[in-house]
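Per-entry structural report
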Amino acid sequence: MSSERRYTPTHEWIQSSGDHSLMRVGITDFAQKEITDVVFVELPKIGKKIPQGAEAAIIESVKAAFSIYAPMGGEVVAVNSAIESNPALVNSDPYGSGWIFELRADDPAQWNSLLDEKGYQALLVSGAGGGH
Amino acid sequence: MALPLVPYHTRRLARMTDFHGYLLPLSFSSILEEAKAVREAAGLFDISHMGHFLVKGPGARQAINHLVTSDLEAVPLGKSLYGLLPNDSGGTVDDLILASSGEGEVHIILNAGNREGDFAWIRSHLPPSLALLDLSIDQIALALQGPASPRIVSLLSQGFETMVRREVRFSTDSAERLWISRTGYTGEDGWEFFGPAEAILPIYKSLSEKGPDLGLVQAGLGARDLLRLEMAYPLYGQELTPEKTAFDAGLDFAVNLRKAPFLGREQMLEKREDPERDRLTGFVLAERGIPRTHCPVIDPATGRQVGEVTSGGHSPRVGGGFGLAYIDPSFFNDFMKGKEAGIEIHGKIHRARFHSRPFVAGGLTRK
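Residues numbered from 1 in each chain as written. Chains lettered and ligands numbered in written order. Predicted model: local features only at pLDDT ≥ 70, side-chain atom pairs only at ≥ 80, totals over all residues.

**Topic: the overall build of chain A**
- What chain A contains, in helices and strands, is four helices and nine strands.
- In chain A, the succession of helices and strands from N to C terminus is β-β-β-α-β-β-β-β-β-α-α-β-α.
- Along the first, second and third principal axes, the C-alpha set of chain A runs to 35 × 35 × 20 Å.
- Counting the 132 residues in chain A, one finds 39% classified as buried. (Helix = DSSP H or I, 4+ residues; strand = E, 2+ residues; numbered from the N terminus. Buried ≥ 20, exposed ≤ 12 C-beta atoms within 10 Å, placed from the backbone.)

**Some details on the sheet that holds strand β13 (residues 216-219) of chain B**
Residues and elements named next belong to chain B.
- Read from one edge of the open sheet, six strands run β10-β11-β12-β9-β3-β13, paired in mixed fashion. Each edge of the open sheet is held by one strand with a lone partner, namely β10 (168-170) and β13. Along the sheet, successive strands turn relative to each other by an average axial angle of 15°, direction set aside.
- Helix-sheet contacts for helix α6 (residues 197-210) involve β3 (42-46), β9 (139-145), β12 (190-196) and β13, and the interaxial angle to β9 is about 35°. (Pairing = 2+ DSSP bridges. Axes fitted to C-alpha atoms, helices over the stretch in contact; angles between N-to-C directions. Contact = placed C-beta atoms within 7 Å.)

**Re the pairing of strand β14 (residues 279-285) of chain B**
All names here are of chain B.
- As paired elements, β14 and strand β17 (residues 320-327) share six bridges and run antiparallel to each other. Looking at the pairing, phenylalanine 283 lines up with glycine 323 of β17.
- With four bridges connecting them, β14 and strand β19 (residues 348-355) associate as antiparallel partners. Along β19, the bridge assignment pairs glycine 282 with histidine 355.

**Here's the deal with the interface of chain B and chain A**
- Each side of the interface is counted separately: chain B has 12 residues, and chain A has 10 residues.
- Listing elements by their share of the side of chain B that touches chain A, those giving two or more residues are α2 (31-40), α7 (221-230) and β16 (305-315) of chain B.
- Here the side of chain B that touches chain A is built from residues that sort into four nonpolar, six polar and two charged. (Nonpolar A, V, L, I, M, F, W, Y, C, P; charged D, E, K, R; others polar.)

**Re the environment of Asn80(A)**
Residues and elements named next belong to chain A.
- Inspection of the secondary structure assignment puts asparagine 80 in the loop between β8 (74-79) and α2 (82-85).
- The partly exposed category is assigned to asparagine 80, around which 19 C-beta atoms lie within 10 Å.
- Not counting residues up to four positions away in its chain, the partners in contact with asparagine 80 are Trp99, Ile100 and Phe101.

**Focus: the domain arrangement of chain B**
All names here are of chain B.
- Domain boundaries assigned for chain B yield domain 1 (6-50 + 136-230), domain 2 (52-132) and domain 3 (278-363).
- Computed over C-alpha atoms only, the centres of domain 1 and domain 3 are separated by 31 Å.
- In this assembly, nine residues from domain 1 lie in contact with 11 residues from domain 3.
- Per-element accounting of the side of domain 1 that touches domain 3 gives the leading share, three residues, to α7.
- When grouped by side-chain class, the residues that make up the side of domain 1 that touches domain 3 number four nonpolar, two polar and three charged. (Domains from an automatic or database assignment.)

Here's what the structure looks like:
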């Protein structure tokens with residue numbers, strides 16, 4: 001695990017946020033375009049334990065509601081309160097200030113089940129992504 | 001089905017969506033930005049999916065007037081009106097815009113999803129002496145909407161800006177296929193253009209090219225739905241269905257009971273007397289959330305379901321989540337008087353209050 005970003009077929013990204021088991025999660029640029037104007041985000045509670053692949057947050061856009069699934073299992077240790085007051089950050093800066101939550105990953109091996117940049121781009125090209 | 005403007009939208013990187021089998025732009029930039037532009041300047045919508053029928057022959061006006069709730073014969077030639085097409089149990093086949101271009105010529109604009117059903121319904125209720133033509137095949141239809149529309153339409157140098165509200169111009173040279181009207185479904189001033197692709201494409205190009213200098217943006221279905229919901233205009237399939245009458249949907253203004261009897265009139269009146277019928281009502285959420293179609297409406301005192309959301313959304317102009325719902329008469333009166341309802345969204349109850357319709361003042365009501 002480095003500063004590399006990995007992805008899920010449901011268009012979340014996950015990246016180490018400094019120390020090696022602290023992971024930051026957000027949605028991809030493709031996802032924010034699909035979702036359209038984000039109106040608010042229902043953030044998980046700090047301290048909540050979420051298994052890999054379980055629903056962690058809900059993004060409400062003008063168009064519809066979208067579930068955000070945890071790319072890796074772990075305990076939620078931080079949420080991005082900036083997107084509560086300015087949800088448009090998820091659209092304008094999905095990989096930066098539009099991040100959603102941070103978790104303490106409990107099984108580093110799950111990292112290997114995620115898509116790397118090349119794999120995710122291939123998924124977008126094939127149109128096989130799901131979830132959103 | 002591929003509509004003629006799809007390649008133009010693709011070039012503009014529009015996000016496309018399926019709507020009743022038609023691929024249409026959902027948005028070009030941001031739904032909220034596009035809706036704002038229509039309220040403050042202008043937007044251009046591709047509405048080529050909508051139906052355009054022509055009824056031709058002696059007595060066409062009278063024959064169509066017998067099928068619709070509003071009084072077409074009381075309206076002068078070249079002026080449009082809104083009406084509903086009731087079925088024989090008083091429910092609704094579709095809602096439409098009508099105008100006569102002559103005693104024996106009625107144009108009808110109707111919803112995409114109902115085009116085939118409408119055609120069959122109208123055909124089966126017209127005498128064989130009248131011709132019914134579907135002009136929508138290979139058509140382009142546009143809606144130019146917003147307070148800047150008069151200045152933008154004048155760029156076409158056709159004198160359209162001198163038209164009055166609801167006026168329709170029909171073509172003389174392009175053989176009965178053009179409809180150009182000062183109408184729309186956003187609550188703002190504007191024009192709608194229907195016609196063969198070769199006749200409307202130059203208008204689309206001209207407006208798209210020169211309009212942006214006057215604030216025109218390309219706008220998609222997302223903005224169109226939000227704008228119509230802010231005005232509480234009904235959408236067929238949501239507020240209007242084969243079971244619901246114009247009265248249920250609060251469209252009493254579109255029903256003329258003094259005109260010559262029309263098909264479905266008695267059944268509509270009978271349904272109106274039913275004390276059990278649900279009423280369409282506007283509501284706003286008192287807390288954060290976005291109601292969507294089919295969300296249950298709950299009486300917080302009993303936990304009992306007392307209604308269902310037909311259309312919902314989020315609007316910065318309204319100030320949050322809002323929508324329309326059919327509500328049980330037992331709860332309706334208390335709700336109107338200020339009692340809170342619960343709207344169930346993702347399994348959680350959100351507090352909602354009655355709101356009068358429309359939710360915002362459009363340009364047409366601001367004046």
